[in-house]
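Structural features, examined
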Amino acid sequence: MTSIFVRSLIFNVLFYLLLVFWILVAVPTFVLPRQALIGVAKLWGRSSIWLMRVVCNTKVEFRGLEKIPQGPLIVAPKHQSMWETFALLQFFDAPLYILKRELTWIPFFGWFLIKADMIAINRRKGGRILMEMARRASEEVNRGRQLIIFPEGTRTAVGAPPHYKAGVAQIYVDCDVPCLPVALNSGLFWPRRQFMRYPGTIVVEFLDPLPVGLSRREFIDTVSELIESASNRLIEAGRKEQEALFGRVPSAPNAQPSAPAVAKREIGNQ
């Protein structure tokens, strides 16, 4: 484990140095079309994946790439780590994120978010946020963009109870485009709010797209069941790999209730 700690330290230092490098490379894109900045962001994502493989011996396997539809789309990934926020960029022509407004205040990084036309929201608006998010998301998706939105709203530790938000269902209904669920096990190798980066294989699985026309309840029940069942399968395989590598699983799982039950409680509270 000492070797893993040293590798994690080296990776974390190089990861942020690499981010600074790509920020400097991207400066000229301020006067170029948005797609130039998106291209640099994709290079940042790919180079970060490469860095993690070289330094931490963390490989990546992407499954179901043939299931990614072309054109306007909602992408709904499981969210366990910072890793997927940059790793999924490479697969979409015009990616779009919803993020808190405060991120746009960060020098250079925040300015790039504005340049990329990301949707920055003011959390102080309370209940009005959902309406604003749905309106802005619908406008951007109808322009041909792919909205990458994490249905749980924030990173969830491996084994923690899933908590799907009703907001993503409202956005799905308003946008009237297919939704691509994405399962993964990244939290085993890049744990939430932890320093360590573990060797092994991060698996990302693109699932069958959900068609337009589902009700809010049908959508949240279906997407949560698909993502949780597939992610649990990938997590179990990842734990077996960790046991083979370390003789144990670094992070013990917690009890996990069914995703549909949690999602239904969320819908009922709206």
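Our structure is the block above this text.
First, a word on what this report is: a plain description of the structure on this page.

Conventions adopted
All chains use their own residue numbering, which begins from 1 and follows the written sequence. Totals for whole chains, interfaces and linings use all residues, but because this is a predicted model, local features are given only for residues with pLDDT of at least 70 and pairs of side-chain atoms are given and counted only at 80 or more. The basis for every side-chain value is the complete set of heavy atoms in the structure, and neither hydrogens nor water enter the calculation. Secondary structure follows DSSP: runs of H or I at least 4 residues long count as helices, runs of E at least 2 residues long count as strands, and numbering of each begins at the N terminus. Note that the radius of gyration is over C-alpha atoms, with the globule rule given as 2.2 Å times the number of residues to the power 0.38. Here the term buried applies to any residue with accessible area under 20% of the maximum for its type, exposed to any over 50%, and partly exposed to those in between, with areas from a 1.4 Å probe on protein chains only. Only heavy atoms enter the contact rule, under which two residues are in contact if any of them lie within 4.5 Å. Each accessible area is a Shrake-Rupley estimate made with a 1.4 Å probe; only the visible protein chains count as cover when residues are assessed. We score Asp and Glu as negative and Lys and Arg as positive, and we do not count His or the chain ends. Charged side chains are reduced to one point each, which is NZ for Lys, CZ for Arg, CG for Asp and CD for Glu. Any two strands between which DSSP finds at least two bridges are classified as paired. Between N-to-C directions, angles cover 0 to 180 degrees, with each direction set by a line fitted to C-alpha atoms, over the stretch in contact for helices.

When helices and strands are tallied, the protein chain shows eight helices and eight strands. For 270 residues, the compact-globule estimate of 2.2 N^0.38 gives 18 Å, and the C-alpha radius of gyration of the protein chain, at 18 Å, lies within 12% of that figure. The principal-axis extents of the C-alpha atoms in the protein chain amount to approximately 50 × 50 × 40 Å. Residues counted as buried form 50% of the 270 residues belonging to the protein chain. A separation of at least 24 residues holds for 77% of the contacts in the protein chain among residues at least 6 apart in sequence. Roughly 12,500 Å² of accessible area belongs to the protein chain as shown, and the carbon and sulfur atoms make up 59% of that amount. Across the protein chain, the 33 positively charged side chains and the 22 negatively charged ones have centroids separated by 7 Å.

The mixed open sheet is built from six strands, whose spatial order is β1-β8-β7-β2-β6-β3. Only two strands of the sheet have a single partner each, and these edge strands are β1 (58–63) and β3 (95–96). In this structure, β3 lies alongside strand β6 (residues 146–148), joined through two bridges in parallel fashion. Along β6, the bridge assignment pairs proline 95 with glutamine 146. On the sheet, helix α2 (residues 34–56) packs against β1, β3 and β8 (200–206) and is oriented at approximately 130° with respect to β1.

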